[in-house]
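# Structure at a glance
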Amino acid sequence: MRQGRRARVLLLLGAALLTGGGAGAQTGLPSGGPRANSAALLDGQRLTLNVSFLPGEPGGPAYPPSGPFSRANPAYYPVRGNPGTLRLTVVTGQPAAALVLRARAVPAPGRLAALPADRVEYSVNGAPWQASGGVQTVALLPPGGQATYEIALRLRLEGDEPAGEHGVQLTWTVEAR
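None of these values were measured; they are calculated from a predicted model.

### A closer look at the packing of aromatic side chains
Evaluated as defined, the whole model comprises 2 aromatic pairs. Note on Tyr 63 and Phe 69: the rings are 6.2 Å apart at their centroids and 70° apart in plane angle, and the pair reads as edge-to-face. An aromatic cluster is present here, built from Tyr 63, Phe 69 and Tyr 77 joined pairwise through their rings. Across from the ring centre of Tyr 76, 3.7 Å away, lies the NZ or CZ of Arg 154, which sits over that ring.

Structure (structure tokens):
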């Protein structure tokens, strides 16, 4: 695969759009309900999700929560617009590769500081939730093959963050190991 080809999924303000790198195709993704959004990631591509969270958004949990919340007792919120899980199919020709996640906090409109990226958590195939942040290996891929992952996201609030919209940029890549 050419290094310049990219697959990019943008989930912003409850809207979602899938843009195929190099192909120019665009497919709308559902912005609500429990259905999974689908994307493919090949060697040399990257998949970037810009997600936002608005605690207390209509249809979601109230903000602030009805009870106290803290680091020991956090409150959790879904992606804005609740687009469900991402079904990510990864294909590699490398003999040994890993799915790698890079997370970067994005300041909300009108704010100078961003919420730490580790406040966004992900779960792969129903496994325990992991805090995003920095660079992490999400999964080891089968040699020269493919795998499909169901990736769910949520926001963890501990009570020390300002109210309002929060965002983070998550980028997945296939990298040799």
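After that view, the rundown keeps rolling.
### As for the nonpolar core
With 35 residues, the main nonpolar core has Leu 88, Tyr 149, Ile 151, Leu 170 and Trp 172 as its most contacted residues. Excluding its chain neighbours within four sequence positions, the residues that come into contact with Ile 151 are Thr 85, Leu 86, Leu 88, Tyr 122, Ser 123, Val 124 and Trp 172.

### Examining the environment of Leu 115
One can find Leu 115 in the loop between strand E8 (97–106) and strand E9 (120–124). For Leu 115 and Arg 104, which are 11 residues apart along the polypeptide, the C-alpha to C-alpha distance reads 9.7 Å. Sequence-distant contacts of Leu 115, defined by excluding residues within four places in its chain, comprise Ala 105, Leu 155, Leu 157, Glu 161 and His 166.

### Observations concerning unusual backbone geometry
Note that the residue after Tyr 63, namely Pro 64, is joined by a cis bond; omega there is -5°. In this structure, Pro 64 sits in the loop between strand E5 (46–53) and strand E6 (75–77).

### Here we look at the pairing of strand E7 (residues 86–91)
Each regular strand carries side chains that alternate between the two faces of the sheet. Alternating positions in E7 separate cleanly, Leu 86, Leu 88 and Val 90 being buried on one face and Arg 87, Thr 89 and Val 91 remaining unburied on the opposite face. In the sheet, strand E4 (residues 37–42) pairs with E7 via 6 bridges, with the strands oriented parallel. Residue pairing for E7: Ala 39 is matched across the bridge by Leu 88.

What counts, and where the lines are drawn
Residues numbered from 1 in each chain as written. Predicted model: local features only at pLDDT ≥ 70, side-chain atom pairs only at ≥ 80, totals over all residues. Heavy atoms only, no water. Phe/Tyr/Trp six-rings, centres within 6.5 Å; stacked < 30°, edge-to-face > 60°. Lys NZ or Arg CZ within 6 Å of the ring centre and 35° of its normal. Core = buried A, V, L, I, M, F, W, Y, C linked by side-chain atoms within 4.5 Å. Buried < 20%, exposed > 50% of the residue type's maximum accessible area, 1.4 Å probe, protein only. Contact = heavy atoms within 4.5 Å. Helix = DSSP H or I, 4+ residues; strand = E, 2+ residues; numbered from the N terminus. Pairing = 2+ DSSP bridges.

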